[in-house]
Structures are given as structure tokens and as C-alpha cells.
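# Report on the structure
Okay, here's what each chain looks like letter by letter:
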Amino acid sequence: AQSVTQLDSHVSVSEGTPVLLRCNYSSSYSPSLFWYVQHPNKGLQLLLKYTSAATLVKGINGFEAEFKKSETSFHLTKPSAHMSDAAEYFCVVSSSGSARQLTFGSGTQLTVLP
Amino acid sequence: NAGVMQNPRHLVRRRGQEARLRCSPMKGHSHVYWYRQLPEEGLKFMVYLQKENIIDESGMPKERFSAEFPKEGPSILRIQQVVRGDSAAYFCASSRVDSATNEKLFFGSGTQLSVL
């Protein structure tokens, strides 16, 4: 069994300040972990993924996430928020790697204030 | 490459009507997945299809829901006799192989179904 918990449904930051979106997971096997972003009226886009290689994963648009097995966490960070980062972010876990066995978190809505 | 195309973007139906949601995968992609997102929840897998075959429908409700991916044309998710609880965002995704880790999964922008 696998599950994902996104700890904040809404996060609000000022432009230029750091972003932290929190994600905890549960998985019976060594998981693959993903972060997807959804901008309004757009499809989900892959930001980054962890697949048992380096624990610090760098993604697009300056985002990165660190896999911490001891804490079962995969938090998403960015040093400096940009207005264009405002979107909904989904943390996703997969034990098998198959797209039919992805478990999505309920999403975190990121607001960036000017 | 136009990406994964879903239509309509918004669909309004009255209780008891049928809803048809369409998904055209990316060019060269033969694997299609449908997900449903209920309010305040994450996306949940419904069905996985390849051309002319349903491979895995373990996430589909047992009644009223069906899906197809014909040899020609888009994949269709069909909901018969819709009820208010079917109101949700329905997302389609496609890939070249059935692997979210080794292959990038591309999502459409979804169809928002509202049942009155």
C-alpha cells in the first residue's frame, strides 16, 4: 500500500522569498517520487522525479526536492519565488513505476504575492 | 506536437444524461490513462488503455463507466446516467511505454464535468 500526504493545502509567499511545499509518503517498497505542477487551464507538468539515484533532485524552473527516507519526506523547495510559480503542486508516489499505480497527494495551492 | 488534447474543457449535464469525454494522446503515444479528481482530493487512477485494448480498469466504477481507445480516433471515457457524485475533473495522460519513472507522462488540461 502507498499513500501521500501534502501537509499544506495552501501556501502563500512573497516574491523573492523561499518556497517550501511539504510532502510525506508511505510505501511498502522503495518508491519513486514525483512533483507535478498544474497552472490554470493547463495539464499537469512534471517538475522533477526521484527514482533511487541521488537523494537531492533538481527539476525545472529552479525547483529541487530532497528524498529523506528516515523522515519519509520529499519536500519541494525553491530559493526565490517568482510570480509565475503560482500554481497547484502535486506530490506523487509510485511503488512500481507504472503510471497506473501513481498515488497523488491532494495538492498544495501556491500563491506568490508581489 | 500539440500535446495531450482533451475536450470539452467544461461539460455540463443533467442527472440521467450521458457524458462523453475525449482524449487525443500525443503523437507516437499508444498508452492512455484516465484519472479522476474529486474536489479537495488528489487524482485517482481509473483506467489504462492501449490501442483497441483495455489493459487495466481496476479504478473504474463497476457500473455506468466505460472507456475505449479505438484504432482510429481519440480515447473516449463514457459515463451513462450521470449522477451529482460524478461531478469532478477528469484528466487523461499518455506515454510511449507504461512507465512513469523511465518515460515522461504527459497530461491533458482536463475536462471539468458538472452534473446539475
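For the structure, see preceding data.
Notes on the structure in this doc start here. Worth saying up front: this structure is predicted, and the values here are computed from it rather than measured. (Residues numbered from 1 in each chain as written. Chains lettered and ligands numbered in written order. Predicted model: local features only at pLDDT ≥ 70, side-chain atom pairs only at ≥ 80, totals over all residues. Heavy atoms only, no water.)

### Quick word on the overall build of chain B
- When helices and strands are tallied, chain B shows 0 helices and 11 strands.
- Each helix (α) and strand (β) of chain B, taken in turn from the N terminus, gives the series β-β-β-β-β-β-β-β-β-β-β.
- Projected onto its principal axes, the C-alpha positions of chain B cover 40 × 30 × 25 Å.
- Looking at chain B residue by residue over its 116 residues, the buried ones come to 47%.
- Of the contacts made within chain B by residues no fewer than 6 positions apart, 53% connect residues no fewer than 24 positions apart.
- Charge centroids of chain B, computed over 17 positive and 12 negative side chains, lie 7 Å from each other. (Helix = DSSP H or I, 4+ residues; strand = E, 2+ residues; numbered from the N terminus. Buried < 20%, exposed > 50% of the residue type's maximum accessible area, 1.4 Å probe, protein only. Contact = heavy atoms within 4.5 Å. Lys, Arg positive; Asp, Glu negative; His and termini not counted. Charge placed at Lys NZ, Arg CZ, Asp CG, Glu CD.)

### Thoughts on the nonpolar core
- With 26 residues, the main nonpolar core has A:Trp35, A:Leu48, A:Leu76 and A:Tyr89 as its most contacted residues.
- Of all the elements, strand β10 (residues 87–94) of chain A adds the most residues to this core, at 4 residues.
- With near-sequence residues (within four places) excluded, A:Tyr89 lies in contact with A:Gln6, A:Leu21, A:Trp35, A:Tyr36, A:Val37, A:Leu47, A:Phe63, A:Leu76, A:Gly107, A:Thr108 and A:Leu110.
- Membership of the second largest hydrophobic core comes to 23 residues, among which are B:Ala19, B:Phe65, B:Ala67 and B:Ile79. (Core = buried A, V, L, I, M, F, W, Y, C linked by side-chain atoms within 4.5 Å.)

### A look at the interface of chain A and chain B
- Across the boundary between the two partners, chain A contributes 20 residues, which contact 24 residues of chain B.
- Approximately 1800 Å² of surface area, both sides summed, lies buried where chain A meets chain B, with 57% of it carried by carbon and sulfur atoms.
- Mapped by element, the contributors of at least two residues to the side of chain A that touches chain B are β5 (32–38), β6 (45–50) and β11 (102–104) of chain A.
- Partitioning the side of chain A that touches chain B into residue classes produces 8 nonpolar, 9 polar and 3 charged. (Buried area = accessible area lost by both parts, 1.4 Å probe. Nonpolar A, V, L, I, M, F, W, Y, C, P; charged D, E, K, R; others polar.)

### A few points about the packing of aromatic side chains
Residues and elements named next belong to chain A.
- As enumerated under the stated definition, the model contains 13 aromatic pairs over all chains in all.
- Each ring, one from Tyr-50 and one from Phe-67, has its centre 4.2 Å from the other, and the planes form 15°; the classification is stacked. Of this pair, Tyr-50 sits in strand β6 while Phe-67 sits in strand β8 (residues 64–68), placing them 17 residues apart in sequence. Summarising the burial analysis for this pair, Tyr-50 and Phe-67 share the class buried.
- Ring centres of Phe-90 and Phe-104 lie 6.5 Å apart, and the angle between their planes is 75°; this geometry places the pair in the edge-to-face category. (Phe/Tyr/Trp six-rings, centres within 6.5 Å; stacked < 30°, edge-to-face > 60°.)

### Describing the pattern of salt bridges
- Enumeration according to the criterion identifies 7 salt bridges over all chains in this entry.
- Between A:Glu64 and A:Lys58 there is a salt bridge, and its shortest N-O distance comes to 2.8 Å.
- Under the relative-accessibility criterion, A:Glu64 is labelled partly exposed at 24%.
- Overall, A:Lys58 belongs to the exposed group, its relative accessible area being 62%.
- In the salt-bridge network here, residues are joined through shared partners; they are B:Glu18, B:Arg20 and B:Arg78. (Salt bridge = Lys/Arg side-chain N within 4 Å of Asp/Glu carboxyl O.)

### With respect to the sheet that holds strand β3 (residues 19–24) of chain B
Residue and element names in this part refer to chain B.
- Spatial ordering of the open sheet is given by β1-β3-β8-β7, a layout of 4 strands whose pairing is antiparallel. Looking at the sheet topology across the chains shown, the edges are occupied by β1 (5–7) and β7 (65–68). The mean angle between the axes of side-by-side strands here comes to 15°, regardless of whether they run parallel or antiparallel.
- Examined bridge by bridge, β7 and strand β8 (residues 75–79) share 4 bridges and lie antiparallel to one another. Across the sheet, Ser-66 pairs through a bridge with Arg-78, a residue of β8. (Pairing = 2+ DSSP bridges. Axes fitted to C-alpha atoms, helices over the stretch in contact; angles between N-to-C directions.)

### Some details on the side chain of A:Asp85
All names here are of chain A.
- Along the chain, the position of Asp-85 falls in the loop between β9 (73–78) and β10.
- A polar contact is formed between the side chain of Asp-85 and the backbone nitrogen of His-82, at a distance of 2.8 Å.
- Setting aside chain neighbours within four positions, we find Asp-85 in contact with Phe-63, Lys-78, Ser-80, Leu-110 and Val-112. (Polar contact = N/O pair within 3.5 Å; in protein donor to acceptor, adjacent residues only side chain to side chain.)

### Thoughts on unusual backbone geometry
- Omega for the peptide link from B:Asn7 to B:Pro8 comes to 0°, which places this bond in the cis form.
- The phi torsion at A:Thr72 lies on the positive side, around 45°, for a residue other than glycine.
- Residue position: A:Thr72 is located in the loop between β8 and β9.
- On the basis of relative accessible area, A:Thr72 is assigned to the partly exposed category, the value being 32%.

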